[in-house]
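Summary of the model geometry
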Amino acid sequence: MDYIQPDHPRAESLKIRKKLAEGFKKGLVTPEGLSAHGRGEAFDYILGEKTPEQAKKAIKAGAAEILLADEPVFSVNGNVAALVPEEIAKINEKGGIQVEVNLFHESEDRKRKIGKYLKEKGVEKVLGTEIEYLTDISEIQSQRRKVDERGIKRADTVIIPLEDGDRAKALKKLGKRTITIDLNPLSRTAKAADVTIVDNIIRALPLLTEKIDKLCQTPSKKLEKILADFDNKRNLNLTIQSMLNRLEKLSEN
């Protein structure tokens, strides 16, 4: 990425695109994944490409949710693996969170490539890549219904970044708590999740890991209060309002 000038106004965005392009060449990312990223990038531009205050509140609630969970699982798709593999390894270690590969555009070969790549980046164990442990969640209609019986199948809390709404709703109906990182506050996923972090995963995941580390010694009652004080719907509405305010300011300049 040396050719990207650091003073370029879109330097960070260009670096992210480069990561995804490299992920595509490695067989981690699909063409559809590249398209989905472009949609998210448009929302990030409206956010001002920085973590909003509402996202910071959601990150704190998400950390509390993870620390209170008995069986938290981080669900990884191709885009997530390509963008933040080292951060996945960190949250796996610091949060005691299992990592599972789960794909909308399902491919055993791509699952194995993603699993191998994550292990190279420091994730000790990756679920979802061994056929003998796969089972179905019938409530999920897409190929994402194929899950690891040691991971998402038994999880009480699932982190579902860059997600599709159908699975988010299905997991919630099954009684599982869900945390999502989604740049679109209007998406079905954002509305269905228990905690929605409206931010770029490049920024949000390091902050989530850091917050888990800070709160790891906090008593359960205090963690429960953090969650009780957090209203996901209200937080989403405030996020949308702040985005509208920024658009209005941009239009005036």
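Up top you'll find the structure we're talking about.
What comes next is a walk through the structure.

Rules of the game
Residues numbered from 1 in each chain as written. Predicted model: local features only at pLDDT ≥ 70, side-chain atom pairs only at ≥ 80, totals over all residues. Heavy atoms only, no water. Helix = DSSP H or I, 4+ residues; strand = E, 2+ residues; numbered from the N terminus. Rg over C-alpha atoms; globule rule 2.2 N^0.38 Å. Contact = heavy atoms within 4.5 Å. Areas by Shrake-Rupley, 256 points an atom, 1.4 Å probe, with all protein chains shown as cover. Lys, Arg positive; Asp, Glu negative; His and termini not counted. Charge placed at Lys NZ, Arg CZ, Asp CG, Glu CD. Phe/Tyr/Trp six-rings, centres within 6.5 Å; stacked < 30°, edge-to-face > 60°. Lys NZ or Arg CZ within 6 Å of the ring centre and 35° of its normal. Buried < 20%, exposed > 50% of the residue type's maximum accessible area, 1.4 Å probe, protein only. Pairing = 2+ DSSP bridges. Patch = residues over 30% accessible without salt bridge, like charges linked within 9 Å, V, L, I, M, F, W, Y side chains within 5 Å. Salt bridge = Lys/Arg side-chain N within 4 Å of Asp/Glu carboxyl O. Polar contact = N/O pair within 3.5 Å; in protein donor to acceptor, adjacent residues only side chain to side chain.

Moving on, we come to the overall build of the protein. For the protein, the count of helices and strands is 11 helices and eight strands. Over its C-alpha trace the protein gives a radius of gyration of 18 Å, about what one expects of a compact globule, namely 18 Å for 253 residues. Oriented by its inertia axes, the alpha-carbon framework of the protein measures out at about 60 × 45 × 35 Å. Within the protein, counting contacts between residues at least 6 apart in sequence, those at least 24 apart form 65% of the total. For the protein, the accessible area works out to roughly 12700 Å², and carbon and sulfur atoms hold 49% of it. Each charge class in the protein can be summarised by its mean position, and for the 46 positive and 41 negative side chains these summaries are 2 Å apart.

Looking now at the packing of aromatic side chains. Taken as a whole, this structure holds zero aromatic pairs when the rule is applied. It is Arg 150 that lies over the ring of Tyr 133; its NZ or CZ is 3.6 Å from the centre.

The next subject is the environment of Arg 39. On the secondary structure map, Arg 39 appears in helix α2 (residues 31-47). Linking Arg 39 and Asn 184, residues 145 residues apart in sequence, is a C-alpha distance of 8.6 Å.

Okay, the pairing of strand β7 (residues 177-181) next. In terms of burial, β7 is a largely internal element, four of the five residues being buried. Of the strand pairs in this sheet, strand β6 (residues 157-159) and β7 are connected by three bridges, and their pairing is parallel. Residue pairing for β7: Val 158 is matched across the bridge by Thr 178. Taken together, the three bridges between β7 and strand β8 (residues 195-197) define a ladder with parallel strand orientation. In the sheet register, Ile 179 faces β8, and the bridge partner there is Val 195.

Attention now goes to a nonpolar patch on the surface. Residues Tyr 45, Leu 244, Leu 247 and Leu 250 make up a contiguous nonpolar surface patch of roughly 370 Å² in combined accessible area. Here Leu 247 is to be found in helix α11 (residues 232-252).

Pairing within the open sheet is parallel, and its six strands lie in the order β3-β2-β1-β6-β7-β8. The outermost strands of the open sheet, each flanked by one partner alone, are β3 (126-127) and β8. Bridge count between strand β1 (residues 72-76) and strand β2 (residues 98-101): four bridges; the pairing is parallel. Each bridged residue has a counterpart across the sheet, and for Val 76 the counterpart in β2 is Val 101.

A few words now on the environment of Thr 196. Note on placement: Thr 196 falls in strand β8. Using a relative accessible area of 1% as the deciding quantity, one classes Thr 196 as buried. For the pair Thr 196 and Val 123, spaced 73 residues apart in sequence, the C-alpha to C-alpha distance is 24 Å. A distance of 2.6 Å separates a polar atom in the side chain of Thr 196 from the backbone oxygen of Ala 190.

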